[in-house]
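Tertiary structure, described
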There are 2 protein chains.
Amino acid sequence: MRKVSESTVGRLSLYLRLLSELETDGVQTLSSEALAQRCGTTAAQVRKDLSLFGTFGKRGLGYSVAELIAALRSILGLERRWRVALVGAGRIGVALLGYQDFRTQGFDIVAVFDRDAGKVGQRRHGVLVRADAELEQGLESESIDIVIVAVPGESAQAVVDRVVAAGVRAILNFAPVKLNVPAGVALKNVNMAVELEALSYALANSGRRSRRGATPAGR
Amino acid sequence: MRKVSESTVGRLSLYLRLLSELETDGVQTLSSEALAQRCGTTAAQVRKDLSLFGTFGKRGLGYSVAELIAALRSILGLERRWRVALVGAGRIGVALLGYQDFRTQGFDIVAVFDRDAGKVGQRRHGVLVRADAELEQGLESESIDIVIVAVPGESAQAVVDRVVAAGVRAILNFAPVKLNVPAGVALKNVNMAVELEALSYALANSGRRSRRGATPAGR
């Protein structure tokens, strides 16, 4: 098994998403050029990415959309279902619980933990909220594969340390902090506020530059 | 004005988020060490990032939380409100419309566009859905600063091309594709499915490796 870069894995996800849309539209075969163009990459990149995992497509005929979808789902570990726990039943956490596409994609949120005693024992989108103190035990008894962290930033590293100590090896972080995990634990971050603020920063500063005239000072 | 890297801007967002949480908790002053530790970085990095924008904090006293929040809000362009349009009133788009934190953070979604005639004329979370054909005119008349793209991947580049041609310089993309924008246009991407699939890939493959034994093959 070759070591595959994160950016390659990201492109495989994009290929899969595009192919799934095309399949819904009734498309049956596709050239690497057509796939590349829709993904903002090159046909050579598409062929190189796929060649890491086997031989796909026929010369002159392109890829079978259905076969390539099946192969990508297998490569990405999407042929099975994953058991997911959510830590933090605040606004973002509950929105994620209600996000049906997770389930469609094979990710089942089967446990929720919160440290607010007022929430413990209630249900959110049908899932029982458990006490934070039961975290380690719940991760074990529910055979959790992936933990979604949606707690305030100041609590996030402590939660992650407990989750990692409990043996979980995949974390999706929505808390607005940079988290540290040991080697062998996969960590991904999603933060809309940070992305929006990067846009706001870009707009605010391009505006200042243009008001100052055409010569950017100090660059 | 210095050229500031994207990762610096990202850290400024994290500092702001952490400081806002601490202010809510009643914290009034903070050392660069304490801020760094909570953000998963070093005190030297915090001081370097902030020094790009002026002099903050007093030796031995640390930063005033309120003053640093105000400074970061100014730097990030968050002292004003931004007018945002959403293109695509599907599942993700409507979830974003309902996400109250956007408004709290100064981002007002004031226009929604969709190409589904069945949705046009209806309201989603109080905002009128307009026809896709009115996109350019609406971006202009509503003085839109930022466009959120939440359309299927195969339509996203065409939408972005129109948005850019209409003069918008900041785009937040939720479509599962890599988009191309000209220099001078800020583009950020959010894609939960891609992040989740990267985790699923990591789990699926670490599992295979460990079953093969302790010596990773082919690395």
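Here, the structure is the one placed above.
Since this is a predicted model, take the numbers as computed values, not measurements.

**A few points about the overall build of chain A**
The helix and strand inventory of chain A stands at nine helices and nine strands. Oriented by its inertia axes, the alpha-carbon framework of chain A measures out at about 60 × 55 × 35 Å. Relative to its 219 residues, chain A shows a buried fraction of 41%. When contacts within chain A are restricted to residue pairs at least 6 apart in sequence, those whose partners lie at least 24 apart make up 56%.

**Section: the relation of the copies chain A and chain B**
Superposing chain A onto chain B takes a rotation of 180° plus a shift of 0.0 Å along the axis, which leaves an RMSD of 0.0 Å. Each copy turns onto its partner about a two-fold axis. Considering only C-alpha atoms, the part of chain A nearest the rotation axis is A:Val190, at 3.5 Å. A symmetric contact is evident, with 98% of the interface residues of chain A recurring at the interface of chain B.

**What about the sheet that holds strand 6 (residues 127–131) of chain A?**
Residue and element names in this part refer to chain A. Strands sit in the order 5-6-4-3-7-8-9 across an open sheet of seven strands; the sheet is mixed. Each edge of the open sheet carries a strand with a single partner, namely strand 5 (123–124) and strand 9 (186–189). As judged from the three bridges shared by strand 4 (residues 107–114) and strand 6, these two strands associate in the parallel manner. Among the inter-strand pairings, aspartate 114 is bridged to a residue of strand 6, identified as alanine 131.

**Description of the interface of chain A and chain B**
In this complex, chain A contributes 62 residues to the contact, which on the side of chain B involves 61 residues. With 17 residues, the single largest contributor to the side of chain A that touches chain B is helix 9 (residues 192–212) of chain A. Counted by class, the side of chain A that touches chain B contains 32 nonpolar, 12 polar and 18 charged residues.

**A look at the sheet that holds strand 5 (residues 123–124) of chain B**
All names here are of chain B. Pairing within the open sheet is mixed, and its seven strands lie in the order 5-6-4-3-7-8-9. Of all strands in the sheet, those with a lone pairing partner are strand 5 and strand 9 (186–189), marking the two edges. Sheet strands touched by helix 8 (residues 153–165): strand 3 (82–87), strand 7 (146–149) and strand 8 (170–173). Its angle to strand 7, the strand with the most contacts, is close to 170°.

**Considering the packing of helix 1 (residues 6–24) of chain A against helix 2 (residues 32–39) of chain A**
Residue and element names in this part refer to chain A. At a minimum axis separation of 10 Å, helix 1 and helix 2 run at an interaxial angle of 105°. One finds that helix 1 runs roughly perpendicular with respect to helix 2. Residues Arg11, Leu14, Tyr15 and Leu18 of helix 1 pack against Leu35, Arg38 and Cys39 of helix 2. Across the contact of helix 1 with helix 2, the residue classes break down as five nonpolar, no polar and two charged.

**With respect to the packing of helix 2 (residues 32–39) of chain B against helix 3 (residues 43–51) of chain B**
Residue and element names in this part refer to chain B. In the contact formed by helix 2 and helix 3, the axes pass within 8 Å of each other and the chain directions differ by 105°. Here helix 3 runs roughly perpendicular to helix 2, going by the angle between their axes. Judged by residue contacts, Ser32, Glu33, Leu35 and Ala36 of helix 2 engage Ala43, Gln45, Val46 and Arg47 from helix 3. Grouping the amino acids of the contact of helix 2 with helix 3 by side-chain chemistry returns four nonpolar, two polar and two charged.

**Points about the nonpolar core**
Residues A:Val87, A:Val149 and B:Val149 are the most contacted members of the largest nonpolar core, which totals 133 residues. Those residues in contact with B:Val149 that lie beyond four places of it in its chain are B:Val87, B:Gly88, B:Ala156, B:Val159, B:Val160, B:Ile171, B:Asn173, B:Phe174 and B:Ala175.

**Re helix 8 (residues 153–165) of chain A**
Here helix 8 of chain A is 13 residues long and its end C-alpha atoms lie 19 Å apart, about the 18 Å a rise of 1.5 Å per residue gives. Taken together, the buried positions of helix 8 of chain A are A:Gly153, A:Ala156, A:Gln157, A:Val159, A:Val160 and A:Val163. End-on view of helix 8 of chain A: buried residues confined to an arc of 165°, all on one side of the axis. In this structure, helix 8 of chain A carries A:Ala158 and A:Ala165 as exposed residues pointing more than 90 degrees from its buried face. Lining the buried residues of helix 8 of chain A we find strand 3 (82–87), helix 7 (135–141), strand 7 (146–149) and strand 8 (170–173) of chain A together with helix 1 (6–24) and helix 2 of chain B.

**Some words on the environment of A:Lys178**
If you trace the backbone, A:Lys178 turns up in the loop between strand 8 and strand 9. Other than its neighbours up to four places away in sequence, A:Lys178 contacts B:Leu14, B:Cys39, B:Gly40 and B:Thr41.

**A closer look at the environment of A:Val168**
Assignment of secondary structure puts A:Val168 in the loop between helix 8 and strand 8. Sequence-distant contacts of A:Val168, defined by excluding residues within four places in its chain, comprise A:Leu139, A:Ile144, A:Val147 and A:Val163.

**Focus on the pairing of strand 7 of chain B**
All names here are of chain B. By the alternation rule, side chains of strand 7 split into Ile146 and Ile148 and Val147 and Val149, which are all buried. With four bridges connecting them, strand 3 and strand 7 associate as parallel partners. The residue bridging leucine 86 from the neighbouring strand is isoleucine 148, located in strand 7. For strand 7 and strand 8, the ladder comprises three bridges, and the chain directions are parallel. When the sheet's bridge partners are listed, valine 149 is paired in strand 8 with asparagine 173. Regarding topology, helix 8 serves as the crossover connection from strand 7 to the parallel strand 8, and that connection is right-handed.

Cut-offs and rules
Residues numbered from 1 in each chain as written. Chains lettered and ligands numbered in written order. Predicted model: local features only at pLDDT ≥ 70, side-chain atom pairs only at ≥ 80, totals over all residues. Helix = DSSP H or I, 4+ residues; strand = E, 2+ residues; numbered from the N terminus. Buried ≥ 20, exposed ≤ 12 C-beta atoms within 10 Å, placed from the backbone. Contact = placed C-beta atoms within 7 Å. Least-squares fit on C-alpha atoms with pLDDT ≥ 70 in both. Pairing = 2+ DSSP bridges. Nonpolar A, V, L, I, M, F, W, Y, C, P; charged D, E, K, R; others polar. Axes fitted to C-alpha atoms, helices over the stretch in contact; angles between N-to-C directions. Parallel < 35°, antiparallel > 145°, perpendicular 65-115°, else oblique. Core = buried A, V, L, I, M, F, W, Y, C linked by C-beta atoms within 7 Å. Expected span 1.5 Å × (residues − 1). Arc of directions from axis to C-beta. Right-handed = clockwise from strand over helix to strand, strands pointing away.

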